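Read off the chains here:
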Amino acid sequence: MSVTGQVGCAAIPKPSVHTAVLNPQGSAALLRKVLSCSLASILYTRTNINRGDFIHSSVNGQPLQGFNRKTETPAITQIVTWLKGSYDALDKHYLREMYLFLNNKQTGDIMENYKFVIHYFDSNELHHRNKSDFGQSLTELFKTIQNLFIEDNILEGNDLNFYMCVSYYDNVTPSNYCPVNFIEPEEDVNHIIESIRFPSPYETVIRTVSTGFHRVEFATNQYTAINESATMLQGLDVETEQALLEKLNCTCCIPKLLSSIPFLTCSKCQSIAHAPCIGRVYHVENSYTCASCKEQNDISRSTPGDLWRIQNLCTYRLILFYAYSKNKFPNDLLNEIDPNIKDYIVKKLIAVAAIRETTKGYLINQACLEQIIRRWANSDEE
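The structure presented is a predicted model; accordingly, all values stated were derived computationally and were not measured.

Cut-offs and rules
Residues numbered from 1 in each chain as written. Predicted model: local features only at pLDDT ≥ 70, side-chain atom pairs only at ≥ 80, totals over all residues. Heavy atoms only, no water. Helix = DSSP H or I, 4+ residues; strand = E, 2+ residues; numbered from the N terminus. Expected span 1.5 Å × (residues − 1). Core = buried A, V, L, I, M, F, W, Y, C linked by side-chain atoms within 4.5 Å. Buried < 20%, exposed > 50% of the residue type's maximum accessible area, 1.4 Å probe, protein only. Contact = heavy atoms within 4.5 Å. Salt bridge = Lys/Arg side-chain N within 4 Å of Asp/Glu carboxyl O. Axes fitted to C-alpha atoms, helices over the stretch in contact; angles between N-to-C directions. Parallel < 35°, antiparallel > 145°, perpendicular 65-115°, else oblique. Left-handed = near helix turned anticlockwise from the far one by under 90°. Nonpolar A, V, L, I, M, F, W, Y, C, P; charged D, E, K, R; others polar. pLDDT = per-residue confidence, 0-100.

Before going further, it helps to spend a moment on helix α3 (residues 74-91). Along its 18 residues, α3 runs 26 Å from first to last C-alpha, staying within 8% of the 26 Å computed at 1.5 Å per residue. His-93 lies just past α3 and shows a positive phi near 65 degrees.

What follows is the structure, given as structure tokens:
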């Protein structure tokens, strides 16, 4: 991927919103600004790149960032130059997907990646629905990007390599087409190409913005370096914590109270259990009856094989939720449990794409973890 020039992109002016709903040209112009400001907002939110490389604006009161036209930071000028090339493919209706990869400069590992999927329409479908939906979806897109901020996990810009890749609609794109400022991928980025060809099954489309002539879907796989420590529940005196521990009757392998892990109290015996272990995360206020108090699910009647499977599942859920909520992989807890169960949990996390192994250890996929947990929230399963 070649890089030349130092240009910038302004933030979204209000007149573009009105123009976009009237004709395809205005729609394409707005989409360019949406893509540019989305990338700028991602880099502003997720890295510590010089704040002077960005300009601040807003849409419907929601803050967003654009690229400063006067920037001299190589990473920013690279990205803006690649954007210009992708706009050529956009104008020709060739552009299908645009990716931004943030890679560790030393190991080459993908730390985070962001994807924009473009759809084209011949007629203005916006006339068939509420036009206010467009402005609202634009606001929600930038709010979602702003919410990617993780205070204790901001990426060091100097430690990153940035890559942008594009894919095309094969039925309309000439076989020899290559956008300006792009080249065919080289061998040293094969792992990036493979991640495009074989995306995570848990990759999540977070937001969609439609102008009527174009629709763009924003998806992310946000990998976060694992912190190898677990934190005990804070703010309790010794007696209170001991009293809670004595009431803990959870079927997982971790008889501890952990920070950020909610627990449920049985309405009959008043014992407590980790909410994630029984698949209850967001609706922890709901009535709960432990397995021991349910005659039809009396755990004492379970076979040894049943007990082992239940224990594995509960421990897996607890580890997964802890990794998501705290950005910490409780390696010390895993080392306390049976090695066979530990091996089962790690393999299962890899199988569902929640973590992956790198030369420097494991990385966790926040988008995947969130999707799994949301499935729990939409289920009544205990």
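There is more to say, and it comes next.
Of all hydrophobic cores here, the largest spans 52 residues; its most connected members are Leu-39, Leu-43, Phe-67 and Ile-79. Every residue in contact with Ile-79, bar those within four places of it in the chain, is listed here: Leu-39, Leu-43, Phe-67, Leu-100, Phe-162 and Met-164.

Quick look at the pattern of salt bridges now. Applying the stated rule across the entire model yields six salt bridges. Note that Arg-46 is salt-bridged to Glu-112, the shortest N-O span being 2.5 Å. In this pair, Arg-46 is assigned in helix α2 (residues 24-46) and Glu-112 in strand β4 (residues 110-120), connecting sequence segments 66 residues apart. Since its relative accessible area comes to 0%, Glu-112 is described here as buried. Where Asp-88 meets Lys-92, a salt bridge forms, and the shortest distance between an N and an O atom there is 2.6 Å.

Here we take up helix α9 (residues 339-351). Spacing of three or four residues puts side chains on the same side of an α-helix, whose turn is 3.6 residues. Helix length check: α9, at 13 residues, gives a terminal C-alpha distance of 18 Å against a target of 18 Å (1.5 Å per residue), a fit within 8%. Backbone geometry just downstream of α9 places Ala-353 in the positive-phi region, at approximately 70 degrees.

This paragraph deals with the packing of α2 against α3. One can describe the packing of α2 onto α3 by two numbers: an axis separation of 11 Å at closest approach and a directional angle of 150 degrees. Between α2 and α3, the interaxial angle falls into the category roughly antiparallel. Helix-helix and strand crossings are classified by hand; for α2 and α3 the assignment is right-handed. Contacts between α2 and α3 involve Ala-28, Leu-31, Arg-32, Ser-36, Leu-39 and Leu-43 from the first element and Ile-76, Ile-79, Leu-83, Tyr-87, Leu-90 and Asp-91 from the second. In the contact of α2 with α3, the residues fall into nine nonpolar, one polar and two charged.

Averaged over the chain, the pLDDT score is 75; the fraction of residues at 70 or greater is 71%. Here helix α1 (residues 14-20) stands out as the element of the chain with the lowest mean pLDDT, 40, in contrast to strand β2 (residues 62-67), whose mean of 92 is the highest. Low pLDDT, under 50, characterises residues 1-20; the predicted model gives this stretch 60 contacts beyond four residues in sequence or across chains. Across residues 126-130, where pLDDT falls below 50, the model places nine contacts with residues more than four positions away in sequence or in other chains.

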